[in-house]
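If you want the building blocks of each chain, they are given just below.
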Amino acid sequence: MGAEFTRHVKRNLVAYIALLPMAAVVIFAYLGTMAWSVRLSFSSSKLLPRSDFVGLNQYVTLFDTSRWLTSLGNLAVIAFFFLLICFVLGCLLAIFIDQNVRGESLFRTVFLYPYAMSFVVAGLIWQWILNPDLGIQATMRGFGFSGFVLDWVVNPRMVLYAVILATVWHGSGLVMALILAGLRGIDGEIWRATRIDGIPAWRVYLSIVLPMLRPMIITSLVLLSISIVKMYDVVVAMTNGGPGTASEVPAKFIMDNLFERANIGLATAASTVMLITVLMVMAPVIYSQYFRKSGRAA
Amino acid sequence: MTAMKQMVAVSAIALAAATGIARAEEPLNAEVIHWWTSGGESAAIAVFADAFNAAGGKWVDNAVAGGSAARSAAINRIIGGDPSTAALFNTSRQYHEIIGEGLLNDIDAVASKNDWDKVLPEPIARAVKVDGKYYAAPVNIHMPLWIWYSTAALNKAGIDKPPETMEQFLADLDKLKAAGVIPLALGGQRWQENSLFSAVLTNVGGAALWKSVYGDKDEAAIRSPEFRKVIETFVSLKPYVDQASPGRNWNDATALLIKDEAGFQVMGDWAKGEFKQANKEIGKDYGCIPGLRPDSPYVLGGDVFVFPKTDNAEQVKAQHLLVEIMTDPAVQVKFNNLKGSIPIRSDVDVSSLDACAQLGMKIMSDPARQVPDASQMMEEYVYGSVQDIVTELWNTPMTVDQAVDRFEKALKG
């Protein structure tokens, strides 16, 4: 056993050495900083990191802070609508392009183009479009429709949907590109077979093609989920969390407490909560990916 | 051949360093981290840089855009053991924790030589003096709660003189609204909404309530009818703000006054820069109201430079020279004229300052009317929660009782 192990190490020594830098980066830069943040969330750190231990105090304060609870609620609303609309819209766009339309590459570029734009730019553009003094409302009123109202970014009840609108505009192109790539990989024989059987196209997409695209779907959902959790720049550019706290998101809460309010303890507690949330969402995905594969192999 | 040359050069440098010849010729290097990047601000800090260079120093400018980004940069450098010579902070508690950790040099030597105990206004001295030692050099006093008005807009509504009491102010807002002018120009951002609230608190509640609520965090004061009236008055201002207010930048709100589209704006004295750039004249096109009661408090905000810990004698010398230069009466007047603020000391020649600054200097000469800025009376995170309450109070329905409860929770921690 020992000899075998030594032989194994010897044979792969070069590979192990080559992997060392990567392993070091993962351990220190990713896992290490993560552990350090979690550790700080149990301290009373304010402006400077402290090494004392105050138990769950920061977490108690955190969940007693109405702005944090508002942020979490907002994130839930954004996550639901953003995922749903982005995904459905992206699939429909991909299917539309898949019909061998004329000027396909033009459409593809147009739909994917927003994704090439940074969130800050996207946020600013939509802020201008929806700003009642500059955007659509002002233009329509200029045309003589004096009663026209489109005040989403300044209306506390609607501002979240303005953010969702901007992010959907930004993100659905990505879903389209991924799904379209998947659609192009579907064997033409399947289409011919279903045509012979007289199955309507929508039914083929829903019952046969989409299930075959499972890896693409999971990839796009994971990418969309990540952009939800780290959502920060689009909110800062569009509303800066306002009016009031109506469009605050957790990432902004963390950044504000970390830098402006010199409250490292609370900020790291909030980011730990976000980390746990992400792990909870990702766990089933990873589980299904990983274990179903190994199950099939066995 | 080249190796030979290199060796000669190296030994020459070594010799020079050893004998100290080269060092004596070198000017005092001072790296200064600050966030003054806009037109007027960078012109103002150039006054310090020029004066420092003229006094035999070498100013190394390190401007970082954005206050919190610049402060983070300064703190990271301090923690990392490679601090700058000086760093800009607000006159607040932002730097008190790094004093506590022993990461700043005190500047008592310069302060006692220049008799800071006498020349500095009391709230400013208290903000920069910790445990009996001066740790920061105040460079300006900003009063964040001036009420600005557009003369033309007021005339349009038939108002011939600016208000002097809260009642007159509220009546004028009604007149402006009736005349089709935006009565109150407000940028709906957290800090601006907070400025408006602070203005109501100082003008309705006066210096006493300001200090007992924000300073002493006194429960009886927070629950008093006076503070409830402050909350009610603040909320009652909402109908006077236009619909597009949320998210607006402060200078865009000032632009509404410049274009005579709005009547009043509550903003710090830095708003003067916007009026000046638009070639507007104080007293003719626009005016400033320091407060709405005869004894209205003058809130002392502003900026300070701190000097990170170092044992390097050259750096300490540079730090002391910086303090001397920055607080020098002549430099103070020149700097503050460009910055829009007023000098930190009363023993300066005010004749070259503009009308609003002179008015400010006059009010400030009465110690009873000097009050510290809210950020000097509480930790940053406490002030942050207070601002969260104010912005929610402004933007979402909240009863006075709920607001009082939340203020108490935030202030009492």
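Residues numbered from 1 in each chain as written. Chains lettered and ligands numbered in written order. Predicted model: local features only at pLDDT ≥ 70, side-chain atom pairs only at ≥ 80, totals over all residues. Heavy atoms only, no water.

**Some thoughts on the overall build of chain A**
Point 1. Check the secondary structure of chain A and you find 14 helices and zero strands.
Point 2. Each helix (α) and strand (β) of chain A, taken in turn from the N terminus, gives the series α-α-α-α-α-α-α-α-α-α-α-α-α-α.
Point 3. For a compact globule of 298 residues, the expected C-alpha radius of gyration is about 19 Å, and chain A comes in at 24 Å, more than 25% above that figure.
Point 4. Summarising its shape, the C-alpha atoms of chain A cover approximately 75 × 60 × 30 Å along the three principal directions.
Point 5. Within chain A, the fraction of its 298 residues that count as buried is 38%.
Point 6. Summarising the internal contacts of chain A: among those between residues at least 6 apart in sequence, 66% fall at separations of at least 24.
Point 7. Here chain A contributes 22 positive and 14 negative side-chain charges, whose respective centroids are spaced 7 Å apart. (Helix = DSSP H or I, 4+ residues; strand = E, 2+ residues; numbered from the N terminus. Rg over C-alpha atoms; globule rule 2.2 N^0.38 Å. Buried < 20%, exposed > 50% of the residue type's maximum accessible area, 1.4 Å probe, protein only. Contact = heavy atoms within 4.5 Å. Lys, Arg positive; Asp, Glu negative; His and termini not counted. Charge placed at Lys NZ, Arg CZ, Asp CG, Glu CD.)

**Things to note about the pattern of salt bridges**
Point 1. Enumeration according to the criterion identifies 34 salt bridges over all chains in this entry.
Point 2. Among the salt bridges present, the one from B:Arg126 reaches B:Glu122, with a minimum N-O distance of 3.4 Å. In this pair, B:Arg126 and B:Glu122 are both assigned in helix 8 (residues 122-128), four residues apart and thus about one turn of the helix distant.
Point 3. Ionic pairing is found between B:Arg248 and B:Asp242, a salt bridge with its closest N-O pair at 2.6 Å.
Point 4. B:Arg248 gets classed as buried once you look at its relative accessible area, which sits at 9%.
Point 5. With relative accessibility at 16%, the residue B:Asp242 sits in the buried group.
Point 6. The network of salt bridges with shared partners includes A:Arg67, A:Glu248, A:Lys252, A:Asp256, A:Arg261, B:Arg190 and B:Asp388. (Salt bridge = Lys/Arg side-chain N within 4 Å of Asp/Glu carboxyl O.)

**Thoughts on the packing of helix 13 (residues 225-236) of chain B against helix 20 (residues 380-395) of chain B**
Residue and element names in this part refer to chain B.
Point 1. Between helix 13 and helix 20, the shortest axis-to-axis distance is 9 Å and the interhelical angle comes to 50°. Here helix 13 lies oblique to helix 20, going by the angle between them. Here the hand of the crossing between helix 13 and helix 20 comes out right-handed. Note on element contacts: helix 20 touches helix 13 through Val390, Leu393 and Trp394, opposite Ile231, Phe234 and Val235.
Point 2. Among the residues making up the contact of helix 13 with helix 20, the classes are represented as six nonpolar, no polar and no charged. (Axes fitted to C-alpha atoms, helices over the stretch in contact; angles between N-to-C directions. Parallel < 35°, antiparallel > 145°, perpendicular 65-115°, else oblique. Left-handed = near helix turned anticlockwise from the far one by under 90°. Nonpolar A, V, L, I, M, F, W, Y, C, P; charged D, E, K, R; others polar.)

**Considering the interface of chain B and chain A**
Put simply, an interface is often sized by how much accessible area is lost when its parts join up.
Point 1. With 25 residues of chain B at the contact, the number on the chain A side is 25 residues.
Point 2. Two residues, B:Asp388 and A:Arg67, come together in a salt bridge whose shortest N-O distance is 3.4 Å.
Point 3. The interface formed by chain B and chain A holds 11 residue pairs in polar contact (both at pLDDT 80 or more) in total.
Point 4. Looking at the side of chain B that touches chain A, the elements with two or more residues in it are helix 4 (67-79), helix 5 (96-100), helix 20 and helix 21 (400-412) of chain B.
Point 5. For the side of chain B that touches chain A, the element with the most residues is helix 20 of chain B, which contributes eight residues.
Point 6. Partitioning the side of chain B that touches chain A into residue classes produces seven nonpolar, eight polar and 10 charged. (Polar contact = N/O pair within 3.5 Å; in protein donor to acceptor, adjacent residues only side chain to side chain.)

**Some words on the state of the cysteines**
Point 1. Summed over all chains, the structure comprises one disulfide over all chains.
Point 2. The disulfide partner of B:Cys288 is B:Cys356, and the gap between their sulfur atoms is 2.0 Å. Torsion about the S-S bond of the B:Cys288 and B:Cys356 cystine: about -110°, corresponding to left-handed handedness. With B:Cys288 in strand 10 (residues 286-289) and B:Cys356 in helix 18 (residues 355-364), this residue pair connects regions lying 68 residues apart in the sequence. A single burial state applies to B:Cys288 and to B:Cys356, both of which are buried.
Point 3. A:Cys86 takes part in no disulfide bond, and the closest cysteine sulfur to it belongs to A:Cys91, at a distance of 10 Å. (Disulfide = S-S within 2.5 Å.)

**Here we look at the side chain of B:Asp172**
All names here are of chain B.
Point 1. Note that Asp172 resides in helix 10 (residues 166-178).
Point 2. Owing to a relative accessible area of 5%, Asp172 belongs among the buried residues under this scheme.
Point 3. Ignoring sequence-local partners within four residues, the contact set of Asp172 consists of Ile159, Lys161, Pro163 and Phe264.

**Overview of helix 14 (residues 250-258) of chain B**
All names here are of chain B.
Point 1. The set of residues buried in helix 14 consists of Ala253, Thr254, Leu256, Leu257 and Ile258.
Point 2. Buried residues along helix 14 sit against strand 7 (146-150), strand 8 (182-184), strand 9 (262-267) and helix 15 (271-277).
Point 3. Downstream of helix 14 by one or two residues, Asp260 has phi in the positive range, about 60°.

**Side note on the domain arrangement of chain B**
Residues and elements named next belong to chain B.
Point 1. Each domain of chain B was delimited in the assignment, giving domain 1 (2-142 + 300-370) and domain 2 (146-298 + 373-412).
Point 2. Opposite the 24 residues of domain 1 that make contact, domain 2 presents 23 residues.
Point 3. Of the roughly 2000 Å² buried between domain 1 and domain 2, counting both surfaces, carbon and sulfur atoms make up 52%.
Point 4. It is Arg93, Cys356 and Arg369 that lose the most area in domain 1 upon contact with domain 2, and together they represent 35% of the buried surface on that side.
Point 5. Our enumeration of links across domain 1 and domain 2 arrives at three salt bridges.
Point 6. Listed by contribution, the elements that provide at least two residues to the side of domain 1 that touches domain 2 are helix 8, strand 6 (136-142), strand 11 (298-306) and helix 18.
Point 7. The dominant element in the side of domain 1 that touches domain 2, judged by the number of residues it contributes, is helix 18, at seven residues.
Point 8. Each residue belonging to the side of domain 1 that touches domain 2 can be placed in one class, and the counts come to 11 nonpolar, 10 polar and three charged. (Domains from an automatic or database assignment. Buried area = accessible area lost by both parts, 1.4 Å probe.)

**Side note on a nonpolar patch on the surface**
Point 1. Taken together, A:Leu19, A:Met22, A:Val25, A:Val26, A:Ile27, A:Phe28, A:Tyr30, A:Leu31 and A:Met34 make up a surface patch of nonpolar side chains, about 900 Å² in accessible area.
Point 2. As for its position among the elements, A:Leu31 is in helix 2 (residues 13-40). (Patch = residues over 30% accessible without salt bridge, like charges linked within 9 Å, V, L, I, M, F, W, Y side chains within 5 Å. Areas by Shrake-Rupley, 256 points an atom, 1.4 Å probe, with all protein chains shown as cover.)

**Re the nonpolar core**
Point 1. Counting residues in each nonpolar core, the largest one holds 142 residues, and the members touching the most others are B:Phe197, B:Tyr214 and B:Phe305.
Point 2. Considering every element that reaches this core, the biggest residue donor is helix 11 (residues 190-215) of chain B, with 11 residues.
Point 3. When we break this core down by domain, the ones giving at least three residues each are domain 1 (2-142 + 300-370) and domain 2 (146-298 + 373-412) of chain B.
Point 4. Here B:Phe197 is in contact with B:Tyr214, B:Phe227, B:Val230, B:Ile231, B:Phe234, B:Val390, B:Leu393 and B:Phe407, once residues within four sequence places are set aside.
Point 5. Residues A:Cys86, A:Met176, A:Tyr205 and A:Ala269 belong to the second largest nonpolar core, which totals 52 residues. (Core = buried A, V, L, I, M, F, W, Y, C linked by side-chain atoms within 4.5 Å.)

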